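# Structural characterization, general
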Amino acid sequence: WNAPGSKYHDGNCDLQCSTATPTLSAKEQAVIVRPGVNSCGKPAPAPAIGVHPHDWKLRQKRSNLLITGPVATDGHIGNGYMSGFIADGVIYVAGVYNDKLSYALGTTSHRAGVPSYAASAVLSELNGRRAPMTASALDIEYATVLRASPFNKTAQWTAGCVQRTYAHREQQHLVVTEFECDNSQGETAVSALVRTHASGITGDYDVDGVEEEGDGIHCWKGTAKIAETKTSPRAVVAACHTDLRTPVQFTIPAKEKKTVFFISAIYSNVDADYQAGADVVAVARAAHKKATAGATGLRASHEAAMAKLWGSKIEVGGNPRLAAVVNASLASLLETARSDVYYSTSPGGLATNGYNGHSFWDVETWMWPTYLALYPEIAKAMLKYRADRLPEAKANALLNNFSGAMFPWESAFSGTEVDPAQGTTTEEHLQSDIALAFRQYYEATGDVEWLKTVAWPVLEGIADFWVSKAIPNTDGTYSIPHIVGPDEYHTDVTDSVYCNAGAQISLNMAYDLAKAAGQEPKEHYKTLAGKLRILVNNTSSPPFHPEYENYTRGTVVKQADTILLGYPLLVSMPKALRSGDLEVYANVSDPAGPAMTWSMFSVNFRDVGDLEQADAFFTRGYVDNAVGDFLEWHEGTHASGSANFLTGAGGFLQSVWAGYGGMRFINGTLVLQNPSPLPGSTSLALRSVYFRGVKLDIVIEETGWSVAVVGTPGQALEVESGGKVTELSGKPVRFPARSSAVVRPIPHQVFALV
């Protein structure tokens, strides 16, 4: 009835019953619903579009807030424990899965959404008329979705409200929506009506009960229908909400301002802070009541926690749009993980059910390195996810007739294989991707106790897996057959160069770190590493690494594969060979491949000195993938493929701090290799980068760069460049443009992890 061309169409969407008596045709109903009609009068005037609080524009200029019109796709919120798009009416909680098939191989365990009335609350009416949005925004800095409804004061609209929706960073079990309403210019009181589109119904649960409180709280409890394995617990979730099953009305007095809060408190029996035997409904109810009593302080405590988190960040000068892409990418990573949640994440992050919420190599290879550089506590928690599931990885190896530990290609709650696609279980490069992450954490922190107790069993298990996977050749070398590299267009290959190089690195690190871990080095690790075939075509012009045995040059590949030997694997090779890899595979990488491919070309082209190519691939790595009003990442270009694609965001961020920032954790040092600003910008600042218990500011400008200690260090560091050694302090040590340096601990100083 409200479609253009309808005789009842007036451009508004608020449908109300009219008391007018129309002339009805035979096919019309007796009650006519007319848009925008109030008390049979004229349609309410539409407020100006794009009007918003003045401070929004100021913060947009600082690239930490994105403003759009009222019809934009809603943004997502998250605090690392739970996350979701507010338009969906559901929140996903870390570790909460449901399995909708049997226990046979190929089950499809997936995230089980939890209804959240607070997350999807909207201002529906003011004084009985639709209260349309004039603008909405994504507050990157405070992980908050904002709406102005309406915000221009007219004779018809004397009052307006700003809505803020966020998942509380400090109190992780809370989702909060607040309406800050202003009727200070109004001569009469204004009534406001709030609705929600959360249904409270989700097919993933057996609903165990709905409890009425009588004091404005509504509690829901559900048990996931099917556990992931026969021995896994079924997730039990409780959500207590400010009751919005029917619209809630409140009054804004004349000449006054008023803030009203709607809260959801969510708990599950698989939370890290869950106490065995506790009643999750009682815990959620108590949390809701406590939050409601202290509602006026919720925003301040949330923003304080976010400000502390953003003490570590990346600043881009001279290009606000690029700075916003960097900030939005980093914010997306922060929404999906936290230091006191010991689950991993997935390509679509915690905000979506993309890829069923499963963990792949995407985490350790693409997202995790940025956590390590800026948020080592989060990086450590994500490695704990793997370490805690080592028994399942060992069982998986035995199931597939191997020794050691074989982490599943897709992992969810239990650590068993939950990949619904047959054949992808041979993407075993994941083992080396995990091992490299464990090694990098040790290089960055120097935490020997962690190496002994947490990392070593994982590193040893992965090395033993490669020992059992490799087979001897007649020439004394070893091959790895029946495997899939990152290039998923070619399956069941032999001697994938990426897989073999990763296996070689895994074996060498298990040998090299054994003594530090209090173990005896196993010579056969080192021997096998030296005999694994690493394919090279030196007769080609240029020379290059064939992607696998019998690879034909010119064959199209899906995504970054062989070029990853240079970065992130840091395989030592002649510059001509590395340049050859880049030349050969740049011409055959599928243009429709995933976003992170181009970011890796950028990093590697910078390393070989081809800055023009590096700049071009850097831009290609984000310009068509971080799109839309809120710069949401997508797997494919122009909003195609998986939404909230954090794999792409992670690859892009590495092209920032590892590519142009030049950062590498190598053999207990922090290498800073030719730092320079990003293309189209004037400066790049890496704030509170973590290395060996110390936070460092690395500030890069066109004329040079500097490094300085932030706060009180737990470890004395020195920096060496051009043969000159300087102890680091709070005073910046400056270097000329196009120079490199190495930061390392000063010998005999006591290490302290902070």
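These notes cover the structure that comes with them. From a predicted model like this one, the values you see are computed outputs, not experimental measurements.

### Some remarks on the overall build of the protein chain
For the protein chain, the count of helices and strands is 15 helices and 35 strands. For the protein chain, the proportion of its 754 residues judged to be buried stands at 60%. Contacts spanning at least 24 positions in sequence make up 65% of the contacts within the protein chain whose residues lie at least 6 apart. Accessible surface computed for the protein chain: about 28,700 Å², of which carbon and sulfur atoms make up 52%.

### Comments concerning the environment of S109
By secondary structure assignment, the location of S109 is in strand 8 (residues 109-111). You can call S109 buried: its relative accessible area is 0%. Along the primary structure S109 and E410 are separated by 301 residues, whereas in three dimensions their C-alpha atoms are 10.0 Å apart. Reaching out from S109, the side chain makes a polar contact with the side chain of E228 at a distance of 2.7 Å.

### Some thoughts on the nonpolar core
Judged by nonpolar contacts, the single largest core of 182 residues is most densely connected at F652 and M663. Discounting chain neighbours no more than four positions away, the residues touching M663 are A373, W657, A658, L670, V671, L672, L686, V689 and I698.

### Re the sheet that holds strand 22 (residues 313-317)
Through backbone hydrogen bonds, the strands of a sheet pair up, either in parallel or in antiparallel fashion. The antiparallel open sheet is built from five strands, whose spatial order is 22-29-30-31-34. Edge positions in the sheet fall to strand 22 and strand 34 (733-736), since each of these pairs with one other strand and no more. On average, each strand axis in the sheet is tilted by 15 degrees relative to the strand beside it, whichever way the strands run. Strand direction decides the pairing type here: strand 31 (residues 704-710) and strand 34, joined by four bridges, are antiparallel. Bridging across to strand 34, S706 finds its partner in R734.

### A closer look at the pairing of strand 29 (residues 683-691)
Burial of strand 29 is extensive: seven of the nine residues sit out of reach of the surface. The pairing of strand 22 with strand 29 spans five bridges and is classified as antiparallel. Its bridge partner being in strand 29, I314 is matched across the sheet by L686. When strand 29 meets strand 30 (residues 694-701), the two strands line up antiparallel, connected through seven bridges. Among the inter-strand pairings, F691 is bridged to a residue of strand 30, identified as V694. Where strand 29 folds back on strand 30, the antiparallel hairpin that results is connected by two residues, among which R692 adopts a positive phi of roughly 50 degrees.

### A few points about the side chain of E632
As for its position among the elements, E632 is in strand 26 (residues 632-633). This buried residue, E632, is left without a salt bridge; R321 holds the nearest opposite charge, at 12 Å. Within the structure, E632 has its side chain in polar contact with the backbone nitrogen of N644 (distance 3.2 Å). Discounting chain neighbours no more than four positions away, the residues touching E632 are F85, N625, A626, V627, A643 and N644.

### Here we look at the sheet that holds strand 4 (residues 76-78)
The four strands are arranged 4-5-6-9 in an open sheet whose pairing can be described as antiparallel. In the strand order of this sheet, the two ends are held by strand 4 and strand 9 (114-115), each with one partner. Packed on one face of the sheet, helix 4 (residues 320-336) meets strand 4 and strand 5 (82-85) and runs near 50 degrees to strand 4.

### Here's the deal with the state of the cysteines
Counted by the stated rule, this structure contains two disulfides. Across a sulfur-sulfur distance of 2.1 Å, C161 and C181 are joined as a disulfide pair. One quick way to see it: the torsion about the S-S bond of C161 and C181 is about 110 degrees, and its sign makes the bridge right-handed. Note that C161 is positioned in strand 14 (residues 160-167) and C181 in strand 15 (residues 174-182), a separation of 20 residues in sequence. Given a relative accessible area of 2%, C161 falls into the buried group. Relative accessible area serves as the criterion here: at 1%, C181 is assigned to the buried category. The partner cysteine of C219 in its disulfide is C240, sulfur to sulfur 2.1 Å. Because the torsion about its S-S bond is 110 degrees, the bridge between C219 and C240 counts as right-handed. Placement of the pair is C219 in strand 18 (residues 217-224) and C240 in strand 19 (residues 236-242), with a sequence separation of 21 residues. Counting only the cysteines that form disulfides, in the order they appear in the protein chain, gives the pairing 1-2, 3-4.

### Here we look at the pattern of salt bridges
Where charged atoms of side chains with opposite charge meet at close range, the side chains can pair. Counting across every chain of the model gives 25 salt bridges. Close ionic contact of E180 with R164 constitutes a salt bridge, the shortest N to O distance being 2.6 Å. One end of the pair, E180, is in strand 15; the other, R164, is in strand 14, with 16 residues separating them in the sequence. The partner of D388 in a salt bridge is K384, and the shortest N-O contact between them spans 3.2 Å. One end of the pair, D388, and the other, K384, are both in helix 6 (residues 376-388), four residues apart, so they sit about a helical turn from each other. In this structure, a network of salt bridges that share partners links the residues K313, E315, R687 and D697.

### Re the packing of helix 6 against helix 7 (residues 390-399)
What describes two packed helices is the angle between their axes and the distance between those same axes. Remark: helix 6 packs on helix 7, axes separated minimally by 5 Å, with the N-to-C direction vectors making an angle of 45 degrees. Taken together, the axes of helix 6 and helix 7 lie oblique to each other. Counted together, R386, A387 and D388 of helix 6 and L390, P391 and E392 of helix 7 form the full contact between these two elements. Residues belonging to the contact of helix 6 with helix 7 are distributed by class as follows: three nonpolar, no polar and three charged.

### Quick word on the packing of helix 13 (residues 596-607) against helix 14 (residues 611-620)
At their nearest, the axes of helix 13 and helix 14 sit 7 Å apart, and the two run at 160 degrees to each other. The pairing of helix 13 with helix 14 is recorded here as roughly antiparallel in orientation. Seen from above, helix 13 lies across helix 14 with left-handed handedness. Every residue of helix 14 that contacts helix 13 at W598, S599, F601, S602, F605 and R606 is listed here: L611, Q613, A614, F617, F618 and R620. Counted by class, the contact of helix 13 with helix 14 contains seven nonpolar, three polar and two charged residues.

### Things to note about the environment of E488
Relative to the elements of secondary structure, E488 occurs in the loop between strand 24 (478-479) and helix 10 (497-512). Take E488: its relative accessible area is 28%, and that puts it in the partly exposed class. Placed 61 residues apart in sequence, E488 and E427 show a C-alpha to C-alpha distance of 8.6 Å. Among residues more than four places away in sequence, those in contact with E488 are W409, E427 and K558.

What counts and what doesn't
Residues numbered from 1 in each chain as written. Predicted model: local features only at pLDDT ≥ 70, side-chain atom pairs only at ≥ 80, totals over all residues. Heavy atoms only, no water. Helix = DSSP H or I, 4+ residues; strand = E, 2+ residues; numbered from the N terminus. Buried < 20%, exposed > 50% of the residue type's maximum accessible area, 1.4 Å probe, protein only. Contact = heavy atoms within 4.5 Å. Areas by Shrake-Rupley, 256 points an atom, 1.4 Å probe, with all protein chains shown as cover. Polar contact = N/O pair within 3.5 Å; in protein donor to acceptor, adjacent residues only side chain to side chain. Core = buried A, V, L, I, M, F, W, Y, C linked by side-chain atoms within 4.5 Å. Pairing = 2+ DSSP bridges. Axes fitted to C-alpha atoms, helices over the stretch in contact; angles between N-to-C directions. Lys, Arg positive; Asp, Glu negative; His and termini not counted. Salt bridge = Lys/Arg side-chain N within 4 Å of Asp/Glu carboxyl O. Disulfide = S-S within 2.5 Å. Parallel < 35°, antiparallel > 145°, perpendicular 65-115°, else oblique. Nonpolar A, V, L, I, M, F, W, Y, C, P; charged D, E, K, R; others polar. Left-handed = near helix turned anticlockwise from the far one by under 90°.

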